[in-house]
Amino acid sequence: MNRHDIALIGFGGVARALAETIRDRGEELTHELGFELRVVAITDLRLGSLMVADGIDLDAVLRMPAGETFAGKHGGTAAPQNDYVIRNTTADIVVEATFTNPIDGEPAVSHVRAALESGKSVTTTNKGPVALAGTELNRIAAENGVTFAYEGAVVSGTPVLRLAEKTLAGLQINAVRGILNGTSNYVLGQMELGMTLEDAVAEAQALGYAEADPTADIEGSDVQLKVVILANELLGANLTTADVQRRGISEVTAADIVQAAAEGKRWKLVGSAFRNAAGGVTAGVEPVALPVGDPLAGVSGPTNAVSFDTDMLGTVTVSGPGAGRVETAFALLSDIIAINAARAADEAVAVGR
Ligand SMILES: NC(=O)C1=CN([C@@H]2O[C@H](COP(=O)(O)OP(=O)(O)OC[C@H]3O[C@@H](n4cnc5c(N)ncnc54)[C@H](O)[C@@H]3O)[C@@H](O)[C@H]2O)C=CC1
Ligand SMILES: N[C@@H](CC=O)C(=O)O
């Protein structure tokens, strides 16, 4: 039986949800997907590192009391030896799910680079490496014959990138516009019900939607990274965050929300990128009071939506969960399935089939 051994870098909400899925549904997934999943390494800032070549007891790890580290476990240390684990683990797939750093993407960029250089495929939900070093990391992956996959970096588990790249292949995409942040959309919805921004952010944190520093959600830098990814991946641009004008929802007051409702409008944080007349791509993030007839106006809670403007189909809109631990763990699983398919295709070529 084909098997993938996995190293988890960062063991927070999303990585734990993947570990729970493997623990609870591992046999069913093996049967359905035709390959087995086994976690052989975990490293986390708060827990330290754990390497067990014949498979970690996920149930034991998931039940560890708060404050305990891996130090007491066979193969464990209290310090997170990320680089050592990434380079020396027997895993063939590295899952990068540490905090997103919107400034320079570190240390996640280094984690991904180390994994790809040592011949391991990578799946990440971390927007930093994709938005800020995607070109370099894709090149290193190609040079090493491995896959760099990041479906969850945009709209969580909802398959936006793979849908656009594979299923919409052959269409020219001229513009992308969407609600790309679950936390800010949830917060705006709660503010419509009379809650303060601060209380709504606290709820979004408890529900696992928000970034470790929710300023990234509220001030738009999370959407800025996602717009860079969409523009570069789907419009062939070469944008950096400096090219994407950004305003967040902190400027939207309770009075603005009441007034918009009276005018039949809803405030949304909209990210967009479009081909301009000069042949380049213009991109931005801003709060907009949308008329209720706009397809994006009806998108509520942590749900996101992305509209693609295409030459042959007109506008195609995809909507689904934009945040959430389990939903984002599905993105990792879908990447693992894609990595398995890429490996199977390479093996078929190697044996001349
Ligand atoms: N939660 C969500 O809905 C979504 C999250 N993401 C992204 O996925 C990633 C993970 O998200 P969550 O699990 O929700 O975050 P989290 O904050 O629950 O977990 C992150 C984990 O990474 C660990 N960590 C941070 N820096 C580290 C380092 N240098 N070395 C080792 N461990 C480190 C932390 O201790 C923490 O356990 C983030 O980059 C986030 O932006 C993407 C889409 C949706
Ligand atoms: N904090 C982000 C998580 C997904 O990227 C969000 O709320 O959308």
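Residues numbered from 1 in each chain as written. Chains lettered and ligands numbered in written order. Predicted model: local features only at pLDDT ≥ 70, side-chain atom pairs only at ≥ 80, totals over all residues. Heavy atoms only, no water.

Undergrad: I'm lost on the overall build of the protein in this one. Help?
TA: Check the secondary structure of the protein and you find 12 helices and 13 strands. Compactness check: the protein gives a C-alpha radius of gyration of 21 Å against a globular reference of 20 Å for 353 residues, within 12% of the reference. Taking as baseline every contact in the protein between residues at least 6 positions apart, the subset at least 24 positions apart corresponds to 70%. As displayed, the protein has an accessible area near 15,300 Å², and 52% of this comes from carbon and sulfur atoms. Counting 26 positive and 44 negative side-chain charges, the protein places the centres of these two groups 2 Å from one another. (Helix = DSSP H or I, 4+ residues; strand = E, 2+ residues; numbered from the N terminus. Rg over C-alpha atoms; globule rule 2.2 N^0.38 Å. Contact = heavy atoms within 4.5 Å. Areas by Shrake-Rupley, 256 points an atom, 1.4 Å probe, with all protein chains shown as cover. Lys, Arg positive; Asp, Glu negative; His and termini not counted. Charge placed at Lys NZ, Arg CZ, Asp CG, Glu CD.)

Undergrad: Where do I start with the pairing of strand 1 (residues 2-9) in this structure?
TA: In regular strands, side chains alternate between the two faces of the sheet. When you tally the buried positions in strand 1, you get six out of eight residues, the bulk of the element. In this sheet, strand 2 (residues 35-44) lies alongside strand 1 in parallel orientation, the contact comprising eight bridges. Residue Asp5 lies in a different strand from strand 2, and its bridge partner there is Arg38. With helix 1 (residues 13-33) bridging strand 1 and the parallel strand 2, this β-α-β connection has right-handed handedness. (Buried < 20%, exposed > 50% of the residue type's maximum accessible area, 1.4 Å probe, protein only. Pairing = 2+ DSSP bridges. Right-handed = clockwise from strand over helix to strand, strands pointing away.)

Undergrad: Mind showing me how you'd approach the UniProt feature "domain: Aspartate/homoserine dehydrogenase NAD-binding" (unreviewed entry) in the protein here?
TA: Look at the UniProt record and you will see "domain: Aspartate/homoserine dehydrogenase NAD-binding" (unreviewed entry) annotated at residues 10-151. For residues 10-151, the helix share is 42%, the strand share is 18%, and the end-to-end C-alpha distance is 17 Å. (UniProt positions renumbered as here; feature names shortened; annotations may be inferred.)

Undergrad: Can you help me understand the site of ligand 1 in this one?
TA: Near ligand 1 lie 23 residues; those nearest to it are Asp44, Thr98, Thr125, Glu211 and Gly324. In this structure, a nitrogen atom belonging to ligand 1 sits 2.9 Å away from a main-chain N or O atom of Leu45. At 3.0 Å from a nitrogen atom of ligand 1 is found a main-chain nitrogen or oxygen belonging to Gly208. In isolation ligand 1 offers 830 Å² of accessible surface; the protein chains occlude 90% of this area. In terms of residue class, the shell around ligand 1 is made up of seven nonpolar, 12 polar and four charged. (Near = heavy atom within 4 Å. Polar contact = N/O pair within 3.5 Å; in protein donor to acceptor, adjacent residues only side chain to side chain. Nonpolar A, V, L, I, M, F, W, Y, C, P; charged D, E, K, R; others polar.)

Undergrad: When you look at the nonpolar core in this model, what are you seeing that I'm missing?
TA: Nonpolar side chains in soluble globular proteins generally cluster together in the buried interior. If you look at the biggest cluster of nonpolar residues, it comprises 67 residues, and the most contacted ones within it are Leu116, Phe148 and Phe308. The leading source of residues in this core is helix 10 (residues 221-234), at eight residues. When residues are assigned to domains, this core turns out to be shared by domain 1 (2-156 + 326-352) and domain 2 (160-322), each giving three or more. Sequence-distant contacts of Phe308, defined by excluding residues within four places in its chain, comprise Val160, Leu163, Ala164, Leu168, Ile173, Ala175, Val176, Leu234, Gly314, Thr315, Val316 and Val318. (Core = buried A, V, L, I, M, F, W, Y, C linked by side-chain atoms within 4.5 Å. Domains from an automatic or database assignment.)

Undergrad: What am I meant to see in the environment of Pro287 here?
TA: Residue position: Pro287 is located in strand 11 (residues 281-291). In the structure, Pro287 is positioned 134 residues away from Ala153 in sequence and 21 Å away in space, judged by C-alpha atoms. Residues contacting Pro287, with those up to four places away along its chain left out, are Arg247, Gly248, Glu251, Val252, Trp267, Lys268 and Leu269.

Undergrad: Can you walk me through the pairing of strand 3 (residues 48-51) in this structure?
TA: Bridge count between strand 2 and strand 3: four bridges; the pairing is antiparallel. When the bridges of strand 3 are listed, Thr43 appears paired with Ser49. Taking the residues that link successive antiparallel strands as the turn, the strand 2-strand 3 hairpin has three residues. In the sheet, strand 3 pairs with strand 4 (residues 76-77) via two bridges, with the strands oriented antiparallel. Among the inter-strand pairings, Leu50 is bridged to a residue of strand 4, identified as Gly76.

Undergrad: Explanation requested: the site of ligand 2 in the structure shown.
TA: Neighbouring residues of ligand 2: Lys127, Asn181, Gly182, Thr183, Tyr209, Ala210, Glu211, Asp217, Asp222, Lys226, Gly322 and Ala323. Between a nitrogen atom of ligand 2 and a side-chain N or O atom of Glu211, the distance comes to 2.7 Å. Grouping the constituent residues of the shell around ligand 2 by class yields three nonpolar, four polar and five charged.

Undergrad: When you look at the UniProt feature "domain: Homoserine dehydrogenase catalytic" (unreviewed entry) in the protein in this model, what are you seeing that I'm missing?
TA: With numbering aligned to this structure, UniProt lists the feature "domain: Homoserine dehydrogenase catalytic" (unreviewed entry) at residues 159-337. In this annotation, residues 159-337 is assigned 38% helix and 27% strand; the end-to-end C-alpha distance for the span is 13 Å.

Undergrad: Help me out: how do you make sense of the sheet that holds strand 3 in this one?
TA: Strands in a sheet are paired, the pairing made by backbone hydrogen bonds, and the direction either parallel or antiparallel. Here we have seven strands laid out as an open sheet, ordered 4-3-2-1-5-6-7, and mixed in their pairing. Of all the strands in the sheet, just strand 4 and strand 7 (148-149) have a single pairing partner and so form its edges. Bridge count between strand 1 and strand 5 (residues 93-96): four bridges; the pairing is parallel. Directly across from Ala7, in strand 5, lies its bridge partner Val94. Sheet strands touched by helix 1: strand 1, strand 2 and strand 5. Its angle to strand 2, the strand with the most contacts, is close to 165 degrees. (Axes fitted to C-alpha atoms, helices over the stretch in contact; angles between N-to-C directions.)

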